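Results of the structural survey
Given next are the chains, with one letter for each unit.
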Amino acid sequence: MPGIPKPHGGRLVERVLSEKRRLMALEEAKELQKIDISKETAVDVENIARGVFSPLEGFMTKNDYESVLETMRLEDDTPWTIPIVLDISKEDLKKKGIKEGDEIVLEYNGIPIAFMAIEEIYDWNKKYHAVKVFKTDDVNHPGVARTYGMKDRLIGGRIELINSVENPFERYTLWPKETRVLFKHKGWKTIAAFQTRNAPHMGHEYVQKTALTLTDGLFINPLIGRKKKGDFKDEAILKAYEVLIENYYPRDRVVLAILRTEMRYAGPREAIFHAILRKNFGCTHFIVGRDHAGVGNYYGPYEAHEIFKEFPDLGIEPIFFREFFYCKKCMGYMNEKTCPHRNTEYVIRPSGTKIREMLLQGKMPPKEMMRPEVAKVLLEFGNPFVE
Amino acid sequence: MDEEKSKKYTTVSIPVQLYEKIKKLIEGTGFKSVSDYVTFVLREVIASIEEEEKEEVFTKEEEEKIKERLRALGYID
């Protein structure tokens, strides 16, 4: 694929009020009905406004929403797999007299985040939604539980960003406009994106470095935001990557920046969603590993690989990797394609569960599983996991 | 929600001989129908045509402003 791809849908969305307009808007906002949104929603409002979710210009209206559930595409046939919706209760609608055609203000913690022009208010079926997106209606699935906790109506319409959401990781926040200029400045024509919600172990490092042998640059893009209990804390992930890159990566071929959005744990559907967002950042390739965006045993380990076959028009090339492991006999990091000893005693797998157990006990995982520098940084956190 | 109702389709005519060829071609490939295959191929073709269209460019001014921020964050020298 030659050169930085066009944004998804052909155009990078920008729905941020200019400074001049913003001052006037703050006055106007005082007169409008307001609805409170969560921090996660506020963060996604900014993602829409700054083009991370291009071509979306707001929260989905009914046709797009239903089309995404049924066909994994927007109504205009553009691939899109995760519904981006805003919920509201019937009581709030009634109490505030909100109706289609109104302009409202979305607020987080009393701060106006965005204007929203309400195009449509519609019903939805949470169980149906869960089965379509998560392939289960089991409430033990974190995505399903979250869906069932949402309010009973959805509102769709375009937004305009008034204020950014507080961001403790400003230093590592880049928007698609910025990464596109950055990649161009570096002269990169091919860029592999790596999505992660983990601190890096040796298996991750070898996946990334193998991809980097094929491309000009590597974009390490940890997902920062609400995660489930037991996942790595955001700060821990970033510190771990800082030390890994400093010690073991060619600095001129790697960019570390965050993606602020919550994990949905929608497995294969979320793999496509993650790829689309990285295309918007200007990446040409997207690394898809084992059990991408999975949780528990809800998805097959390579189901996220299979789903890419349904999207010949995605506009970003997936790179599929199977599991990497250390082989004592081969004396190096291998995978099942390169090593004949994968089911023997020679193999040390960088098991996430084992690494987690050791870190929680204050122990250094073996160097074949995790770089000592990375383990040391994580151990300094005491408990580096979400509680 | 009625699944069939929410899907929208139209009919395109192709020569019967071509239809038969495709039908044979897709046996055992995972494509459920000739329509599925034709949709897949057309999406692929359209995506490649769209990708060849001119790349989005920023104005010099815009690009300089972005570079300033990238410098401030330490991404470029």
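See the structure printed just above.
Everything in this summary refers to the structure shown in the same document. (Residues numbered from 1 in each chain as written. Chains lettered and ligands numbered in written order. Predicted model: local features only at pLDDT ≥ 70, side-chain atom pairs only at ≥ 80, totals over all residues. Heavy atoms only, no water.)

Check the secondary structure of chain B and you find four helices and zero strands. Counting from the amino terminus, helix and strand elements in chain B follow one another as α-α-α-α. Here chain B holds 77 residues, and the buried ones make up 17% of them. With an accessible surface of roughly 6,600 Å², chain B has 54% of that area assigned to carbon and sulfur atoms. (Helix = DSSP H or I, 4+ residues; strand = E, 2+ residues; numbered from the N terminus. Buried < 20%, exposed > 50% of the residue type's maximum accessible area, 1.4 Å probe, protein only. Areas by Shrake-Rupley, 256 points an atom, 1.4 Å probe, with all protein chains shown as cover.)

What follows covers the overall build of chain A. What chain A contains, in helices and strands, is 13 helices and 16 strands. Here the C-alpha radius of gyration of chain A, 21 Å, is about what a compact globule of 387 residues would show, namely 21 Å. In terms of principal-axis extent, the alpha carbons of chain A reach across some 70 × 45 × 45 Å. When burial is assessed residue by residue, chain A has 58% of its 387 residues classed as buried. Counted over contacts in chain A with a minimum sequence separation of 6, partners at least 24 positions apart contribute 73%. Of the accessible surface of chain A, which amounts to about 16,000 Å², a share of 48% is contributed by carbon and sulfur atoms. Positive and negative charge centroids in chain A, built from 60 and 57 side chains respectively, lie 4 Å apart. (Rg over C-alpha atoms; globule rule 2.2 N^0.38 Å. Contact = heavy atoms within 4.5 Å. Lys, Arg positive; Asp, Glu negative; His and termini not counted. Charge placed at Lys NZ, Arg CZ, Asp CG, Glu CD.)

What follows concerns the sheet that holds strand E16 (residues 347-348) of chain A. All names here are of chain A. Taken in spatial order, the three strands line up as E15-E14-E16 in an open sheet, and their pairing is antiparallel. Looking along the sheet, the strands with just one partner apiece sit at the ends: strand E15 (332-335) and E16. When strand E14 (residues 324-327) meets E15, the two strands line up antiparallel, connected through four bridges. Bridge pairing in E15 links Phe324 to Asn335. Contacts from helix H8 (residues 202-214) reach E14 and E15, with the element oriented near 110° to E14. (Pairing = 2+ DSSP bridges. Axes fitted to C-alpha atoms, helices over the stretch in contact; angles between N-to-C directions.)

Turning our attention to helix H7 (residues 176-186) of chain A. Among the residues making up H7(A), those that are buried are Pro176(A), Glu178(A), Thr179(A), Arg180(A), Val181(A), Leu182(A) and Phe183(A). Residues of H7(A) that are buried sit in contact with strand E8 (191-196), strand E9 (217-224), strand E10 (254-256) and helix H10 (267-280) of chain A together with helix H4 (60-73) of chain B. Looking one or two residues past H7(A), Gly187(A) carries a phi angle of roughly 75°, positive in sign.

Below, the discussion takes up the interface of chain A and chain B. Interfaces are often sized by the accessible area lost when the parts come together. Facing the 34 residues of chain A at the interface are 25 residues of chain B. Buried area between chain A and chain B, both sides added, is near 2,800 Å², and the carbon and sulfur share of it is 57%. Of all residues in chain A, the largest losses of buried area upon contact with chain B belong to Lys6(A), Val181(A) and Pro312(A), amounting jointly to 23% of the total for that side. There are six salt bridges connecting chain A and chain B. (Buried area = accessible area lost by both parts, 1.4 Å probe. Salt bridge = Lys/Arg side-chain N within 4 Å of Asp/Glu carboxyl O.)

Turning our attention to empty space enclosed by the protein. Residue and element names in this part refer to chain A. For the structure shown, the criterion picks out one cavity of 30 Å³ or more. Roughly 40 Å³ of volume is contained in the largest cavity. What lines the largest cavity is simply Asn47, Val52, Thr173, Leu174, Trp175, Ile258, Leu259, Arg260 and Phe281. When its residues are assigned to classes, the lining of the largest cavity shows six nonpolar, two polar and one charged. (1 Å grid on protein atoms, 1.4 Å probe; cavity = no way out; pocket = protein on both sides within 12 Å on 5 of 7 lines; lining within 4 Å. Points joined across faces, edges and corners; volume = space filled by probe spheres on them. Nonpolar A, V, L, I, M, F, W, Y, C, P; charged D, E, K, R; others polar.)

This part covers the pairing of E14(A). Residues and elements named next belong to chain A. Here E14 folds back onto E15, and the loop between the two strands holds four residues, one of which, Met331, carries a positive phi near 60°. In this sheet, E16 lies alongside E14 in antiparallel orientation, the contact comprising two bridges. Bridge pairing in E16 places Tyr326 opposite Ile348.

This brings us to H4(B). Residues and elements named next belong to chain B. Between its terminal C-alpha atoms H4 stretches 20 Å, which fits the 20 Å expected from 14 residues at 1.5 Å a residue. Along H4, the positions that sit buried rather than exposed are Glu63, Ile66, Lys67, Leu70 and Leu73. End-on view of H4: buried residues confined to an arc of 120°, all on one side of the axis. Summarising the geometry of H4, the exposed residues directed more than 90 degrees from the buried face are Glu61, Lys65, Glu68 and Ala72. Following H4 by one or two positions, Gly74 adopts a phi angle in the positive range, close to 90°. (Expected span 1.5 Å × (residues − 1). Arc of directions from axis to C-beta.)

Take the nonpolar core next. One broad trend across soluble globular proteins is that nonpolar side chains are buried collectively. All names here are of chain A. Judged by nonpolar contacts, the single largest core of 126 residues is most densely connected at Met60, Trp80, Ile84 and Leu106. A total of eight residues in this core trace back to one element, the largest contributor, which is helix H9 (residues 234-248). Ala25, Ala29, Phe115 and Ile162 belong to the second largest nonpolar core, which has six residues in total. (Core = buried A, V, L, I, M, F, W, Y, C linked by side-chain atoms within 4.5 Å.)

This part takes up the packing of H8(A) against H9(A). Residue and element names in this part refer to chain A. The N-to-C vectors of H8 and H9 enclose an angle of 55°; their axes lie 13 Å apart at closest approach. Considering the angle they form, H8 stands oblique to H9. For the element pair H8 and H9, the recorded crossing hand is right-handed. In this structure, H8 contributes His204, Glu205, Gln208 and Lys209 to the contact, and H9 contributes Tyr241, Leu244 and Tyr248. In terms of residue class, the contact of H8 with H9 is built from three nonpolar, two polar and two charged. (Parallel < 35°, antiparallel > 145°, perpendicular 65-115°, else oblique. Left-handed = near helix turned anticlockwise from the far one by under 90°.)

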